[in-house]
Structure formats: C-alpha cells, structure tokens
Amino acid sequence: GLAFDEAARLYLTDSAGKLFAFGAEGELLWSRRSVGEPAGETPLLRPTGLAYSPGRRLLYVVDTLAHRIFGLRTDGTLELSFGGRGEGVESFNFPTHIFRSATGGVSGAGVLFVTDTLNFRISAFDENGRPLGVFGKHGDGSGDLAMPKGLAADRDGVLYVADSIFDNIQVFDRDGRFLLTLGRRGTAPGEFWLPSGVFVSASGELYVADTYNHTIRKISGSG
C-alpha cells in the first residue's frame, strides 16, 4: 500500500512487516516495524492497505494478520487502533485494503471503507474507528463478493470494489446498495484477470490494476 499526505510525504507498506515514510524528494524520514507509545509495543505483522486523513492528519494502516487498523501520526507514533478478529461489525477477518472517502462524513470528517476480505464484505468506519455499517456477503449473485480487494470512491460517494475471483469491478452507492458490474474475465479491453487495485481520478476516470493481464485498465467516467 501507499499514500501521500498534504506535504507530499509518501508512506509505503512492506507486507513483510515494515512501514516507511519518505520526504518529497524521496529521502527516508523514518521506518517502523512496530507501533505503540513508545514505538515498539506492537509489532507490525503484515501491513498492507494505507489511507491518509488530511483533517485528522492521521495515517490509517491495515495490518492483515493482526486483523486491525492502526491510526498513526505523521511521525509514526500511534494515535488509535481498532478491530480484532471476528464477524461483528467492529471486527475483521484478514482485512487488506482501505480507502478514505471525503463524501458522506459529518462536519468534513471522512468515512473509512475497509475491504474485510475473508468476511466477504466492505466495512465502514468513522475516522475514530467507530463502525458505521457493513455491506456485501459471500455468494455468486449480483452484489455478492468472492475475493474483494482494492476499493475507491468517486466524488459522489459511488464505491468501486475489485473482486479478484469474479474478475470484475462491482459498483455500489454510498449506502452499500449494489448498482452494476464492470467487466468480466478475459484479456480484451474492458475485461480483467485477477484485478486487485483501483483508483478514481478527480475527473471520474477509473484505473484498475489488472494483475494477470499485466495491465492498467482505464475506464472513462461515462463507462
């Protein structure tokens, strides 16, 4: 995972168990193998997804093997954490990706969407880690999830979720209602083979990391 803050600092996870921060010129600012007060109390087991909140000035780090989200200050010190393994709305089962949507929050606060991969759902939290709800379930129908991975929301709050087993992008509204599916398995334009990451530009263009096709797919805002 990677994320930038408002000072163009780059944060990067190495899933072997390390988190890095780089300056705007690429210089290493710090690295962490653990988080806590002081740093070192809780080891990072498998850090994966990242999201940054400019309002809170917090970096949210998904630790897949710990089934938790850590909220870190820009110097790498721990501000908060939430989660734990389970099936409840406050819990995770091997989470992987996270996205902060500025749309839908209260008083400018954002909403954190987390891919709760082996609970086969998307979980929503406020920036303090309080659960707001979940959507999705394991199945093979429209709106069901088999291996959800990357996710991103556009400026209207529409959420795009890559499903690596279904080889498509599933689209939901901000309340988790299924809207439509983009793509299918294949190698032609508009088709995917193990899609993993997604990104939505400010103009509404969707970019998809199409893993086994070794390709970045670009889909216009008009589809």
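Just above, that's the structure.
First, a word on scope: everything that follows refers to the structure included in this document.

1. A few points about the pattern of salt bridges
Phase 1 of the analysis: Evaluation of the coordinates by the stated rule reveals 13 salt bridges.
Phase 2 of the analysis: Among the ionic pairs, arginine 130 bridges to aspartate 126, the shortest N-O distance being 2.9 Å.
Phase 3 of the analysis: Between arginine 177 and aspartate 175 there is a salt bridge whose closest N-O contact spans 3.3 Å.
Phase 4 of the analysis: By relative accessible area, which is 53% here, aspartate 175 ends up exposed.
Phase 5 of the analysis: Among the ionic contacts, a cluster of salt bridges with common partners joins Asp173, Asp175 and Arg177.

2. Describing the packing of aromatic side chains
Phase 1 of the analysis: A full pass over the atoms with the stated rule returns 10 aromatic pairs.
Phase 2 of the analysis: A ring pair is formed by phenylalanine 82 and phenylalanine 125, whose centres lie 5.0 Å apart and whose planes are at 40 degrees; its orientation type is tilted. Taken together, the residues phenylalanine 82 in strand 10 (residues 78-83) and phenylalanine 125 in strand 13 (residues 121-126) connect sequence positions 43 residues apart. The two residues phenylalanine 82 and phenylalanine 125 agree in class, both being buried.
Phase 3 of the analysis: Seen in terms of ring centroids, phenylalanine 199 and tyrosine 207 are 6.4 Å apart; in terms of plane orientation they differ by 50 degrees. Their pairing is tilted.
Phase 4 of the analysis: We classify tyrosine 207 as partly exposed; its relative accessible area is 26%.
Phase 5 of the analysis: Three or more aromatic residues joined by ring pairs make a cluster, and in this case those are Tyr11, Trp30 and Tyr52.

3. Re the sheet that holds strand 11 (residues 95-101)
Phase 1 of the analysis: Taken together, 4 strands build an open sheet; the order of strands is 11-12-13-14 and the sheet is antiparallel. Edge strands, defined here as strands with exactly one partner in the open sheet, are strand 11 and strand 14 (131-135). Strand after strand, the sheet turns through a mean of 20 degrees between neighbouring axes, direction not considered.
Phase 2 of the analysis: Summarising the sheet, strand 13 and strand 14 pair through 4 bridges and their orientation is antiparallel. Bridging from a neighbouring strand, alanine 124 pairs with glycine 133 of strand 14.

Conventions and cut-offs
- Residues numbered from 1 in each chain as written.
- Predicted model: local features only at pLDDT ≥ 70, side-chain atom pairs only at ≥ 80, totals over all residues.
- Heavy atoms only, no water.
- Salt bridge = Lys/Arg side-chain N within 4 Å of Asp/Glu carboxyl O.
- Buried < 20%, exposed > 50% of the residue type's maximum accessible area, 1.4 Å probe, protein only.
- Phe/Tyr/Trp six-rings, centres within 6.5 Å; stacked < 30°, edge-to-face > 60°.
- Helix = DSSP H or I, 4+ residues; strand = E, 2+ residues; numbered from the N terminus.
- Pairing = 2+ DSSP bridges.
- Axes fitted to C-alpha atoms, helices over the stretch in contact; angles between N-to-C directions.

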